[in-house]
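Given next are the chains, with one letter for each unit.
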Amino acid sequence: MQVSIACTEHNLKSRNSEDRLCVRSPNQNTGVGQGGKHRLVSSRPYTAGHAHMKEAIGRHSSMKYRNLGKSGLRVSCLGLGTWVTFGSQISDEMAENLVTTAYEHGVNLFDTAEVYASGRAEITLGNIIKKKGWRRSSFVVTTKIYWGGQAETERGLSRKHIIEGLRGSLSRLQIDYVDIVFANRTDVNTPMEEVVRAMTFVINQGKAMYWGTSRWSAMEIMRSLWWSHQMEQAVPVSSVRSLVQWAPVKPQHRSWTVHWPCRADLWL
């Protein structure tokens, strides 16, 4: 089962395993070492200008929630992903039990992708959401676009595939919009400005609330930010990476990552 963790630079640099899982330890102290290079920090997320991510416990559960990046979107510290399992390794009944248990315990972030189980993961998650009848405003759905089919025009980050690929994901999920659409990797065949404009277009069309990057390098993220500001387009609000792939970008952009832990035999 894939578990996503909404993290900040602070979480990743902390040596405390409880802190990485967004659990506050009562025995931690805040301070700065006098002679060493390492500084001791509390489990409370640091604030730096607009990168402020105020943590709060939910009203109906013990789950902690944070802002996703610099956006106002509040997400649970833990999220449930559908990679490998949904639509392939587990039954639809087990998938429903997992989603239901997660939702009832405060998880509001559910992640999938067009490529997972060739689209069956999105279908499974969509069927569960429709069956449960939960308010759409009470949870966050994210999907990823890149590998959509075998044809040349069914993969990559061209304007055509971003628009058509997201349309296909929404059909399988049986929802009107996703909260975040991620570019599932970079596309060397598509100019960055085209990617930025296409992502802005689907946001303006109401098909997505935000867009983000998945498995992009720090340099690629900075390029997308530069083009977004240069052309006054929508800025990516989050980057998905595995914990072993962490690479910081500039200080003003560091606190906007969603991570998932991975087993020793997996490279995500």
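Quick caveat, the model's predicted, so the values are computed rather than measured. (Residues numbered from 1 in each chain as written. Predicted model: local features only at pLDDT ≥ 70, side-chain atom pairs only at ≥ 80, totals over all residues. Heavy atoms only, no water.)

1. Concerning the overall build of the protein
Helix and strand counts for the protein stand at eight helices and eleven strands. Looking at the protein as a whole, 51% of its 268 residues qualify as buried. A sequence separation of at least 24 residues applies to 64% of the contacts in the protein between residues at least 6 apart. A total of about 13,800 Å² of accessible surface is found on the protein, and carbon and sulfur atoms cover 51% of it. (Helix = DSSP H or I, 4+ residues; strand = E, 2+ residues; numbered from the N terminus. Buried < 20%, exposed > 50% of the residue type's maximum accessible area, 1.4 Å probe, protein only. Contact = heavy atoms within 4.5 Å. Areas by Shrake-Rupley, 256 points an atom, 1.4 Å probe, with all protein chains shown as cover.)

2. Observations concerning the packing of aromatic side chains
Throughout the structure, instances matching the rule amount to five aromatic pairs. A ring pair is formed by Trp134 and Phe139, whose centres lie 6.4 Å apart and whose planes are at 70°; its orientation type is edge-to-face. Take Trp134 and Phe139: they sit in the same class, and that class is buried. An aromatic cluster of at least three residues, connected via ring pairs, comprises Tyr103, Trp134 and Phe139. One residue, Arg136, lies across the ring of Tyr177, its end atom 4.2 Å from the ring centre. The lysine or arginine in question, Arg159, covers the ring of Phe201, its NZ or CZ lying 4.6 Å from the ring centre. (Phe/Tyr/Trp six-rings, centres within 6.5 Å; stacked < 30°, edge-to-face > 60°. Lys NZ or Arg CZ within 6 Å of the ring centre and 35° of its normal.)

3. Notes on the sheet that holds strand β3 (residues 64–67)
Across the sheet, which stays open at both edges, the three strands sit in the order β2-β3-β4 with antiparallel pairing between neighbours. One side of each edge strand has no neighbouring strand; the edge strands of this open sheet are β2 (56–57) and β4 (74–76). The pairing of β2 with β3 spans two bridges and is classified as antiparallel. Bridge pairing in β3 places Ile57 opposite Lys64. (Pairing = 2+ DSSP bridges.)

4. Concerning the confidence of the model for the protein
On average, residues of the protein carry a pLDDT of 79, and 70% of them reach 70 or more. Residue range residues 242–247 is modelled with pLDDT below 50. Its contacts to residues more than four positions away, or to other chains, number 21 contacts. Across residues 262–268, confidence stays below pLDDT 50; counting only partners more than four residues off in sequence or on other chains, it has twelve contacts. (pLDDT = per-residue confidence, 0-100.)

5. Topic: the packing of helix α5 (residues 120–132) against helix α6 (residues 159–173)
Helices that pack against each other are described as a pair by the angle of their axes relative to one another and the distance between those axes. For the pair α5 and α6, interaxial distance at closest approach is 7 Å and the crossing angle is 45°. Between α5 and α6, the crossing angle belongs to the class labelled oblique. Side by side, α5 and α6 meet where Glu122, Ile123, Leu125 and Gly126 of the first sit next to Ser169, Arg172 and Leu173 of the second. Looking at side-chain class alone, the contact of α5 with α6 contains three nonpolar, two polar and two charged residues. (Axes fitted to C-alpha atoms, helices over the stretch in contact; angles between N-to-C directions. Parallel < 35°, antiparallel > 145°, perpendicular 65-115°, else oblique. Nonpolar A, V, L, I, M, F, W, Y, C, P; charged D, E, K, R; others polar.)

6. As for the layout of surface pockets
Here the second largest pocket is characterised by a volume of approximately 430 Å³. In this structure, the second largest pocket is lined by 20 residues; those nearest its centre are His60, Tyr65, Gly106, Asn108 and Ser138. In terms of residue class, the lining of the second largest pocket is built from seven nonpolar, eight polar and five charged. (1 Å grid on protein atoms, 1.4 Å probe; cavity = no way out; pocket = protein on both sides within 12 Å on 5 of 7 lines; lining within 4 Å. Points joined across faces, edges and corners; volume = space filled by probe spheres on them.)

7. Considerations on α6
Three- or four-residue spacings in an α-helix give side chains the same orientation, since the helix completes a turn every 3.6 residues. The end-to-end C-alpha distance of α6 is 21 Å, a good match for the 21 Å that 15 residues give at a rise of 1.5 Å each. At its buried positions, α6 is contacted by α5, β7 (140–145), β8 (178–183), α7 (192–204) and β9 (208–214). Directly beyond the C-terminal end of α6, a positive phi value near 60° is found at Gln174. (Expected span 1.5 Å × (residues − 1).)

8. Side note on the pattern of salt bridges
In this structure the tally under the stated criterion is eight salt bridges. Residue Lys132 is joined to Glu96 by a salt bridge in which the shortest nitrogen-to-oxygen separation is 3.4 Å. Within this pair, whereas Lys132 is found in helix α5, its partner Glu96 is found in helix α4 (residues 92–104), the two being separated by 36 residues in sequence. Look at Glu96 and you get buried, because its relative accessible area is 17%. With a closest N to O distance of 2.9 Å, Asp179 and Arg136 form a salt bridge. Residue Asp179 is located in strand β8, and its partner Arg136 is located in the loop between α5 and β7; the two are separated by 43 residues in the primary sequence. Exposure remark for Asp179: the relative accessible area of 7% places this residue in the buried category. (Salt bridge = Lys/Arg side-chain N within 4 Å of Asp/Glu carboxyl O.)

9. Things to note about α7
Taking 1.5 Å of rise per residue, the 13 residues of α7 would be expected to cover 18 Å, and the 18 Å separating its terminal C-alpha atoms lies within 8% of that figure. For α7, the full list of buried residues reads Met192, Val195, Val196, Ala198, Met199, Thr200, Val202 and Ile203. Phi turns positive one or two residues past the end of α7, at Gly206, with a value near 80°.

10. Focus on unusual backbone geometry
Glycine aside, the phi torsion of most residues is negative, and most peptide linkages are trans. At Val84, a position not held by glycine, the phi torsion is positive, near 75°. If you trace the backbone, Val84 turns up in the loop between β5 (78–81) and α3 (85–89). A relative accessible area of 30% places Val84 in the partly exposed class. Of note, the phi angle at Glu232 is positive, near 55°, even though the residue is not glycine. Among the secondary structure elements, Glu232 is positioned in the loop between α8 (218–230) and β10 (239–242). Overall, Glu232 belongs to the exposed group, its relative accessible area being 72%.

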